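Structural description and commentary
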Amino acid sequence: QASKPSDRSSPLALSSPHMMNGHWRMSSLHCWLLALEWFGGGAAACSIDPAIYVRLFENNMPMFQEIARLVQEAGAESVLDLGTGPGEPSTLIAKAMPKTKVIATDVQPVMIEKAKVRAHGLPNVEFGVASADDLSGYGSASVDAVTMCYVLMFVPDRARSLREVARVLKPRGRAYIAVWKRLGFMEVIQQALEALTGSA
């Protein structure tokens, strides 16, 4: 059962007819974190300048830690992290759960190289370049958990991404997805560009 969402929680719609032959159950919703449990039944992501993101990365640590805590609490034996960036929450999960297989992925190879540095020495972490809306490199019903921290809002085909997440999750597997409700800084950038170019 979902807890009462805060005013800043994300209004992510789950009533999609494309959720294969099973359904999502919202198991918890607080702050910006949406935890989904998959009950199984039968375009590349937008790029973020790695140099800029690394400077913002540590600001996201509280959510990385919360997702890692929830994954550990669930006892997942295999985790697919989408949009890991410089390596979180993959590294936190791998350190806390040394027997859990963690697959850290990102659409940008340069981010994966940064993640490898962050996770250096952790034998339970694997790496792969993949877009969150194309997980064709990963088998159906192959992982216990999928993590996706501040990624979904940058994926062009979000419905397809959620279908892919559902596909790779084992029955009763869980997806931990954190999103921003509003991209205020992007709105400011857009307004500045419109002022400079005179276009609306």
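Residues numbered from 1 in each chain as written. Predicted model: local features only at pLDDT ≥ 70, side-chain atom pairs only at ≥ 80, totals over all residues. Heavy atoms only, no water.

Taking 1.5 Å per residue, 14 residues should reach 20 Å; helix α2 (residues 61-74) reaches 20 Å between its end C-alpha atoms and fits that length. For α2, the complete set of buried residues consists of Met61, Met63, Phe64, Ile67, Ala68, Leu70 and Val71. Gly75 lies just past α2 and shows a positive phi near 70°. (Helix = DSSP H or I, 4+ residues; strand = E, 2+ residues; numbered from the N terminus. Expected span 1.5 Å × (residues − 1). Buried < 20%, exposed > 50% of the residue type's maximum accessible area, 1.4 Å probe, protein only.)

Note on placement: Val165 falls in helix α5 (residues 158-168). According to the relative accessible area criterion, Val165 is buried, its value standing at 0%. Along the primary structure Val165 and Val143 are separated by 22 residues, whereas in three dimensions their C-alpha atoms are 9.7 Å apart.

Before going further, it helps to examine helix α4 (residues 109-118). The periodicity of an α-helix, 3.6 residues per turn, causes residues three or four places apart in sequence to face the same way. Residues Met111, Ile112 and Ala115 constitute the buried set of α4. Viewed end-on, α4 has its buried residues packed into an arc of 100°, placing them on one side of the element. (Arc of directions from axis to C-beta.)

Bringing the nonpolar core into the picture now. One finds Val71, Leu80, Leu82, Val146 and Met148 to be the most contacted residues of the largest nonpolar core, which totals 44 residues. Listing elements by their share of this core, those giving two or more residues are α2, β3 (78-82), α3 (90-96), β4 (101-106), β6 (143-149), α5 and β7 (169-178). Contact partners of Val146, with chain neighbours within four places excluded, come to Leu80, Leu82, Val165, Val168, Leu169, Arg174, Ala175 and Tyr176. (Core = buried A, V, L, I, M, F, W, Y, C linked by side-chain atoms within 4.5 Å. Contact = heavy atoms within 4.5 Å.)

Inspection of the sheet shows β6 paired to β7 by 6 bridges, in the parallel sense. Bridge pairing in β7 links Val146 to Ala175. In this fold, the crossover linking β6 to β7 by way of α5 has right-handed handedness. (Pairing = 2+ DSSP bridges. Right-handed = clockwise from strand over helix to strand, strands pointing away.)

Attention shifts here to unusual backbone geometry. Looking along the chain, the bond that leaves Glu88 and enters Pro89 is cis, with omega of 5°. If you trace the backbone, Pro89 turns up in the loop between β3 and α3. One non-glycine residue, Tyr150, lies in positive phi territory at about 55°. Tracing the chain through its elements places Tyr150 in the loop between β6 and α5.

A word on the environment of Val102. Tracing the chain through its elements places Val102 in strand β4. Taking the C-alpha atoms as reference points, Val102 and Glu126, 24 residues apart in sequence, are found 6.2 Å from one another. Those residues in contact with Val102, other than ones at most four positions away along the chain, are Val79, Ser90, Ile93, Ala94, Asn124, Val125 and Glu126.

Moving on to the pattern of salt bridges. Scanning the entire structure with this criterion turns up 7 salt bridges. Between Arg69 and Glu73 there is a salt bridge, with the nearest N and O atoms lying 3.2 Å from each other. Taken together, the positions of Arg69 and Glu73, both in helix α2 and 4 residues apart, correspond to about one turn of that helix. Note on Glu73: relative accessible area 61%, which makes it exposed. Several salt bridges converge on common partners, so that one network encompasses Glu66, Arg69 and Glu73. (Salt bridge = Lys/Arg side-chain N within 4 Å of Asp/Glu carboxyl O.)

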